[in-house]
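Topology and contacts: notes
Each chain, written out:
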Amino acid sequence: ILPSLLTGDYGLVTLGFRYTFIIILPVVGIFYFTFALLEDSGYLPRLAVVMDSWCQYVGLSGAAVLPLVLGLGCGTMAVLSTRILETSRERKIATFLLALAVPCSSQMALFVTLLSAYPQALLGWLFTLILVFLGTGSLLAIRLPGSESMFCQEIPRLRVPSVRRCLEKTIHRLTWYMYEVIPLFIAAQLVIWLGFLLGVVPFLIQGLEKLAVWLNLPKESAPIFLFGFFRRDYGAAGLYDLAQLLTWQQLTVICVVLTLFTPCSAQLITMIKERGLWWTIKAVLVIVGISITTGTILARWVF
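Before going into details, it helps to say that this report is about the structure given with it. As the structure is a prediction and not an experimental result, all values here were calculated from the model.

1. Quick word on the packing of helix 7 (residues 88-101) against helix 15 (residues 265-275)
Taken N-terminus to C-terminus, the directions of helix 7 and helix 15 make an angle of 170°; their axes are 12 Å apart at the nearest point. Between helix 7 and helix 15, the angle is such that the two are roughly antiparallel. Residue-level inspection shows Arg91, Lys92, Thr95, Leu98 and Ala99 of helix 7 in contact with helix 15, the latter providing Gln267, Met271 and Arg275. Of the residues assigned to the contact of helix 7 with helix 15, the class counts are three nonpolar, two polar and three charged.

This is the structure in structure tokens:
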């Protein structure tokens with residue numbers, strides 16, 4: 001039992017250490033440094049002003065750009081930052097879109113790394129995410145009651161970013177990320193390991209194999225969906241090992257489905273605290289339905 005816990009197929013070293021430090025940490029560090037450059041230059045408030053008219057199509061004001069952009073770093077912090085939005089309607093729309101179609105930094109970086117070898121796959125993934133984001137947001141804007149808030153934003157002057165400050169921000173955010181991710185990764189790995197010992201995980205994987213076959217994917221991709229349920233970036237890291245066995249069409253489908261899949265455990269808990277348990281349950285069920293439906297359309301009618 002002990003060797004399987006440490007170095008088995010789903011061991012602490014095999015999954016936990018390798019996924020956290022070897023695969024995810026380098027790409028997340030590059031993203032945080034790039035984000036710090038944009039932030040330190042004073043560009044983000046200007047982005048909110050420029051995007052205000054576009055955000056109105058999905059029932060949001062320009063202020064929602066800040067949580068949505070933060071979602072490209074960490075969905076958990078982005079859900080917390082929706083508090084800056086003035087109305088409950090906007091907070092619900094922004095929270096739903098963050099959980100659905102905004103990939104976190106590690107997930108996005110890994111997918112872009114894998115898809116960059118196939119430009120058509122990368123464009124297909126981006127186009128599908130944008131289409132789902134706009135379509136779902138427009139439907140929410142129509143269905144949810146309430147009115148839009150007025151948007152007013154102070155514009156700071158542009159300046160040349162300080163590399164030292166950006167490095168300090170990057171180190172601080174990476175430190176916070178590691179404190180958050182390592183315990184969750186270890187917990188997810190232990191749950192998966194115990195699930196295999198008790199026979200629960202093989203049973204769930206058998207069910208997910210049917211989903212994989214339905215999406216024209218190999219059965220070996222079934223565990224990735226299970227990993228994505230525990231952590232979005234965990235599923236993305238699992239795809240890193242399987243990517244060589246997939247065609248660019250299959251790679252596009254699985255990246256789209258994993259991006260639109262359930263939010264990670266930390267984001268899910270934050271959604272429950274901010275929006276309530278019943279609203280979160282309904283949102284997650286709708287999100288799972290949208291992800292599977294979108295993957296089915298791509299796998300069976302587009303590709």
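2. Considering the nonpolar core
Ranked by size, the top nonpolar core spans 81 residues in total, and within it Leu60, Leu239, Leu251 and Ile254 carry the most contacts. Per element, the largest residue contribution to this core is eight residues, and it comes from helix 7. Those residues in contact with isoleucine 254, other than ones at most four positions away along the chain, are Leu217, Ser221, Ile224, Phe225, Leu239 and Leu246.

3. Examining helix 8 (residues 105-115)
Among the eleven residues in helix 8, nine count as buried, and that is most of the element. For helix 8, the complete set of buried residues consists of Ser105, Ser106, Gln107, Met108, Ala109, Leu110, Phe111, Leu114 and Leu115.

4. What to know about unusual backbone geometry
A positive phi is found at asparagine 216, a non-glycine position, where the angle reads about 60°. Residue class for asparagine 216 comes out partly exposed when judged on its relative accessible area of 37%.

5. Focus: the environment of threonine 34
Within the secondary structure, threonine 34 sits in helix 2 (residues 12-41). The exposure class assigned to threonine 34 is partly exposed, which follows from its relative accessible area of 40%. In this structure, the C-alpha to C-alpha distance between threonine 34 and phenylalanine 196, residues 162 residues apart in sequence, is 39 Å.

6. Examining the pattern of salt bridges
Where charged atoms from two side chains of opposite charge come close, those side chains can pair. Within this structure, the stated rule accounts for eight salt bridges. The shortest N-O distance in the salt bridge between arginine 173 and glutamate 39 comes to 2.7 Å. Here arginine 173, found in helix 10 (residues 163-198), pairs with glutamate 39, found in helix 2; they are 134 residues apart in sequence, far enough to count as distant. Here glutamate 274 makes a salt bridge to arginine 83, at a shortest N to O gap of 2.5 Å. One end of the pair, glutamate 274, is in helix 15; the other, arginine 83, is in the loop between helix 6 (75-81) and helix 7, and 191 residues separate them in sequence. Assessed through its relative accessible area of 54%, arginine 83 is described here as exposed.

7. Some words on the side chain of arginine 89
With respect to the element layout, arginine 89 can be found in helix 7. On the basis of relative accessible area, arginine 89 is assigned to the buried category, the value being 9%. Looking at arginine 89, its side chain comes within polar contact range of the main-chain oxygen of leucine 144, at 3.2 Å.

8. Concerning a nonpolar patch on the surface
Together, Ile1, Leu194, Leu197, Leu198, Val200, Phe203 and Leu204 give the surface a local cluster of nonpolar side chains, amounting to about 760 Å² of exposed area. When residues of the nonpolar patch are traced back to their parent elements, those giving at least two are helix 10 and helix 11 (200-214). Position of leucine 194 relative to the elements: it lies in helix 10.

9. Focus on the packing of helix 7 against helix 9 (residues 119-143)
Between helix 7 and helix 9, the least distance of the axes is 10 Å, while the angle of their chain directions is 155°. Judged by the angle between their axes, helix 7 and helix 9 are roughly antiparallel. Of the two possible hands of crossing, helix 7 and helix 9 adopt the one that is right-handed. Residues Arg89, Ile93, Phe96, Leu97, Leu100 and Ala101 of helix 7 touch helix 9, and the partners they reach there are Leu129, Val132, Phe133, Thr136, Gly137, Leu140 and Ala141. Grouping the constituent residues of the contact of helix 7 with helix 9 by class yields ten nonpolar, two polar and one charged.

10. Looking at the packing of aromatic side chains
By the definition in use, this model includes three aromatic pairs. Between phenylalanine 111 and tryptophan 125 the ring centres are 6.0 Å apart and the planes differ by 85°, which places this aromatic pair in the edge-to-face class. Of the two residues, phenylalanine 111 sits in helix 8 while tryptophan 125 sits in helix 9, which places them 14 residues apart along the sequence. Considering the side-chain rings of phenylalanine 225 and phenylalanine 261, the 6.2 Å spacing of their centres and the 70° angle between planes classify their relative orientation as edge-to-face. Of this pair, phenylalanine 225 sits in helix 12 (residues 222-230) while phenylalanine 261 sits in the loop between helix 14 (248-259) and helix 15; the two residues are 36 residues apart in sequence, bridging distant segments of the chain. Both residues of the pair, phenylalanine 225 and phenylalanine 261, belong to the buried class. When the ring centre of tryptophan 214 is taken as origin, the NZ or CZ atom of arginine 300, which lies over that ring, is 3.9 Å away.

Parameters and conventions
- Residues numbered from 1 in each chain as written.
- Predicted model: local features only at pLDDT ≥ 70, side-chain atom pairs only at ≥ 80, totals over all residues.
- Heavy atoms only, no water.
- Axes fitted to C-alpha atoms, helices over the stretch in contact; angles between N-to-C directions.
- Helix = DSSP H or I, 4+ residues; strand = E, 2+ residues; numbered from the N terminus.
- Parallel < 35°, antiparallel > 145°, perpendicular 65-115°, else oblique.
- Contact = heavy atoms within 4.5 Å.
- Nonpolar A, V, L, I, M, F, W, Y, C, P; charged D, E, K, R; others polar.
- Core = buried A, V, L, I, M, F, W, Y, C linked by side-chain atoms within 4.5 Å.
- Buried < 20%, exposed > 50% of the residue type's maximum accessible area, 1.4 Å probe, protein only.
- Salt bridge = Lys/Arg side-chain N within 4 Å of Asp/Glu carboxyl O.
- Polar contact = N/O pair within 3.5 Å; in protein donor to acceptor, adjacent residues only side chain to side chain.
- Patch = residues over 30% accessible without salt bridge, like charges linked within 9 Å, V, L, I, M, F, W, Y side chains within 5 Å.
- Areas by Shrake-Rupley, 256 points an atom, 1.4 Å probe, with all protein chains shown as cover.
- Left-handed = near helix turned anticlockwise from the far one by under 90°.
- Phe/Tyr/Trp six-rings, centres within 6.5 Å; stacked < 30°, edge-to-face > 60°.
- Lys NZ or Arg CZ within 6 Å of the ring centre and 35° of its normal.

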